[in-house]
Amino acid sequence: MKLGARIFKTGIAIIIALLIAHQINGQGAIVAGISALFAMQPNVYRSYKTIIEQFQGNLIGAVLAIIMASLFGFHIVIIGITSIMLISILQKVNLSHVTGLAVVTQLIIMDHQDGAFLESAVLRFTFVMIGVISAFVVNTLFLPPKFESKIYYQCLSISSDIFKWIRLEINGSTEFHAVKRDIDNIRSRIEKLEEQYNLYKEERAYTKQGSIRNLRKKIIFKETVLATRRAYDVLRKIHRYENDVINLPEELKVQIKFELDELMTLHEE
């Protein structure tokens, strides 16, 4: 069982949301924990966007629930029809990615038992936003993602494995099936690396000077990831045309080996 930073942050966000919600009103406070779970994102920028988008989606859900309940009551069929309408509206306004929590908001508001309906609706909407804001605060302040370190060390590890296989391939010291199996593994690692870079690319700085510095770093990491992908392509092609390489003239093979060794040495430096 692997417990990553995001799992811990989700748990902390739920705890904070529940504590705040219980201080306001213990009844229905579990909604804050549910919304914190939905709102946790892999990077800070997405957490910031989530606050805005979840507020819009949940507000639409809450207003629609209040209108439908006030006009037609709390019958199960009305709740289902309201959910259909809400999903359609969110798709129309390009907020379909927040449908899950918006529908949860609509359902908990329409699950009204007794007491003042409007007061209960506002309270439950507040609980939802407490969870969303808690997730943002935790994601920003507690163990923020260190994409630069992750990308660097992943590139280093993947490149080392690629170069190991390239050196073995050009010396004719490999087994076809062993290389093929490891090439598939390297491909999946590169895909994860590119996902990490895409998350890193979304991050924003808070100052103009920081923005310029971040832009330079992103360009460097982009080229590093691209170079790793190209190294993988070289290994894949050498492996694919292994027999052709073996049958090349000795002088040409020595030249290819020399060029590849020089490129790998420069990359490692």
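Report on the accompanying structure.

Procedures and definitions
Residues numbered from 1 in each chain as written. Predicted model: local features only at pLDDT ≥ 70, side-chain atom pairs only at ≥ 80, totals over all residues. Heavy atoms only, no water. Helix = DSSP H or I, 4+ residues; strand = E, 2+ residues; numbered from the N terminus. Rg over C-alpha atoms; globule rule 2.2 N^0.38 Å. Buried < 20%, exposed > 50% of the residue type's maximum accessible area, 1.4 Å probe, protein only. Contact = heavy atoms within 4.5 Å. Areas by Shrake-Rupley, 256 points an atom, 1.4 Å probe, with all protein chains shown as cover. Lys, Arg positive; Asp, Glu negative; His and termini not counted. Charge placed at Lys NZ, Arg CZ, Asp CG, Glu CD. 1 Å grid on protein atoms, 1.4 Å probe; cavity = no way out; pocket = protein on both sides within 12 Å on 5 of 7 lines; lining within 4 Å. Points joined across faces, edges and corners; volume = space filled by probe spheres on them. Nonpolar A, V, L, I, M, F, W, Y, C, P; charged D, E, K, R; others polar. Axes fitted to C-alpha atoms, helices over the stretch in contact; angles between N-to-C directions. Left-handed = near helix turned anticlockwise from the far one by under 90°. Salt bridge = Lys/Arg side-chain N within 4 Å of Asp/Glu carboxyl O. Expected span 1.5 Å × (residues − 1).

**Re the overall build of the chain**
Move 1: Counting secondary structure elements, the chain contains 11 helices and zero strands.
Move 2: Starting at the N terminus, the α and β elements of the chain follow one another as α-α-α-α-α-α-α-α-α-α-α.
Move 3: Computed over its C-alpha atoms, the radius of gyration of the chain comes to 27 Å, more than 25% above the 18 Å expected for a compact globule of 269 residues.
Move 4: Overall, the C-alpha framework of the chain stretches about 90 × 40 × 35 Å when taken along its three principal axes.
Move 5: Of all 269 residues assigned to the chain, the portion counted as buried reaches 37%.
Move 6: Taking contacts inside the chain between residues at least 6 apart in sequence as the whole, the part at least 24 apart equals 77%.
Move 7: Summed over its atoms, the accessible surface of the chain is roughly 16100 Å², and 62% of this surface lies on carbon and sulfur atoms.
Move 8: For the chain, the distance from the average position of its 31 positive side-chain charges to the average position of its 26 negative side-chain charges is 6 Å.

**A closer look at empty space enclosed by the protein**
Move 1: Scanning the model with the defined rule gives one cavity of 30 Å³ or more in all.
Move 2: Roughly 40 Å³ of volume is contained in the largest cavity.
Move 3: If you go around the largest cavity, the residues you meet are Ile170, Val245, Lys253, Ile256 and Lys257.
Move 4: Ranked by residue count, the leading element in the lining of the largest cavity is helix 11 (residues 250–268), at three residues.
Move 5: For the lining of the largest cavity, the per-class residue count stands at three nonpolar, no polar and two charged.

**Here we look at the packing of helix 3 (residues 44–72) against helix 4 (residues 76–92)**
Move 1: Across the interface, helix 3 lies against helix 4 with an axial gap of 10 Å and an inter-helix angle of 145 degrees. For the pair helix 3 and helix 4, the sense of crossing is right-handed. Across the interface between the two elements, Gly57, Ile60, Gly61, Leu64, Ala65, Met68 and Phe72 from helix 3 touch Ile78, Ile81, Thr82, Met85, Leu86, Ile89 and Leu90 from helix 4.
Move 2: Partitioning the contact of helix 3 with helix 4 into residue classes produces 11 nonpolar, three polar and no charged.

**Comments concerning the pattern of salt bridges**
Move 1: Under the counting rule described, the total for this entry stands at seven salt bridges.
Move 2: Among the ionic pairs, Arg187 bridges to Glu191, the shortest N-O distance being 4.0 Å. Of this pair, Arg187 and Glu191 are both found in helix 8 (residues 176–202), four residues apart, which corresponds to roughly one turn of the helix.
Move 3: For Arg187, a relative accessible area of 33% puts it in the partly exposed group.
Move 4: The class for Glu191 is partly exposed, based on a relative accessible area of 38%.

**Some remarks on helix 5 (residues 99–110)**
Move 1: The terminal C-alpha atoms of helix 5, which comprises 12 residues, lie 16 Å apart, in line with the 16 Å expected from a rise of 1.5 Å per residue.
Move 2: Of all 12 residues that make up helix 5, nine are buried, and the element is covered over most of its length.
Move 3: Those residues of helix 5 lying buried are Thr99, Leu101, Ala102, Val103, Thr105, Gln106, Ile108, Ile109 and Met110.
Move 4: Next to the buried residues of helix 5 lie helix 2 (30–39), helix 3, helix 4 and helix 6 (117–141).

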